[in-house]
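Summary of structural features
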Amino acid sequence: MAPRSGRGKSNKAKADKKKKEEKVVPSVLDITIITPYESQVVLKGISTDKILDVKKLLASNVETCHLTNYSLSHEVRGQKLNDRVEVVTLKPCLLIMVE
């Protein structure tokens, strides 16, 4: 059987499109978190981070590692941010921990 020529081209176009999207250079962001004890923690993140990455940073921070059951809220986006929300979309980057 002869190989079909049309199959490989569509997948290659999709791969090229993904490569173009992935070449975004991340920048450093300051993420300010207000804890339930009214103290502020400033984390360094990158522009491609999501809320899930911020929670990982909070788990590794000495001041907030003991807090485990919380959600993050934003003054514009409201209570309980989804873990897939990108940090870049949150302006100003001020998050509040809600237990």
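Details of the structure are given in the entry above.
Now for a look at the structure at hand. (Residues numbered from 1 in each chain as written. Predicted model: local features only at pLDDT ≥ 70, side-chain atom pairs only at ≥ 80, totals over all residues. Heavy atoms only, no water.)

Quick look at the sheet that holds strand 3 (residues 71–74) now. Spatially, 2-1-4-3 is the arrangement adopted by the 4 strands of the open sheet, whose pairing is mixed. If you trace the sheet from one side to the other, it starts and ends with strand 2 (40–46) and strand 3, each paired once. Neighbour to neighbour, the strand axes of the sheet diverge by 35° on average, direction disregarded. Taken together, the 3 bridges between strand 1 (residues 28–34) and strand 4 (residues 94–98) define a ladder with parallel strand orientation. Bridged to isoleucine 34 within strand 4 is isoleucine 96. (Pairing = 2+ DSSP bridges. Helix = DSSP H or I, 4+ residues; strand = E, 2+ residues; numbered from the N terminus. Axes fitted to C-alpha atoms, helices over the stretch in contact; angles between N-to-C directions.)

Moving on, we come to the environment of leucine 29. With respect to the helices, strands and loops of the structure, leucine 29 is situated in strand 1. Through-space distance from the C-alpha of leucine 29 to that of valine 87 is 8.7 Å; in sequence the pair is 58 residues apart. Setting aside residues up to four positions removed in sequence, leucine 29 forms contacts with Leu43, Lys44, Gly45, Ile46, Ser47, Val87 and Val88. (Contact = heavy atoms within 4.5 Å.)

Turning our attention to the side chain of threonine 32. Structurally, threonine 32 is set in strand 1. The class for threonine 32 is buried, based on a relative accessible area of 18%. Beyond its immediate chain neighbours, meaning those up to four positions away, threonine 32 contacts Gln40, Val41, Val42, Cys93, Leu94 and Leu95. (Buried < 20%, exposed > 50% of the residue type's maximum accessible area, 1.4 Å probe, protein only.)

Applying the stated criterion across every chain yields a total of 3 salt bridges. Ionic pairing is found between glutamate 86 and lysine 50, a salt bridge with its closest N-O pair at 3.2 Å. Here glutamate 86, found in the loop between strand 3 and strand 4, pairs with lysine 50, found in the loop between strand 2 and helix 2 (51–60); they are 36 residues apart in sequence, far enough to count as distant. Taking relative accessible area as the criterion, lysine 50 reaches 30% and is therefore assigned partly exposed. Between aspartate 83 and lysine 55 there is a salt bridge; the shortest N-O distance is 3.2 Å. Of the two residues, aspartate 83 is situated in the loop between strand 3 and strand 4 and lysine 55 in helix 2; the sequence distance between them amounts to 28 residues. In this structure aspartate 83 comes out as partly exposed when scored by relative accessible area, which is 29%. (Salt bridge = Lys/Arg side-chain N within 4 Å of Asp/Glu carboxyl O.)

Interpretation in functional terms is not warranted from these geometric data alone.
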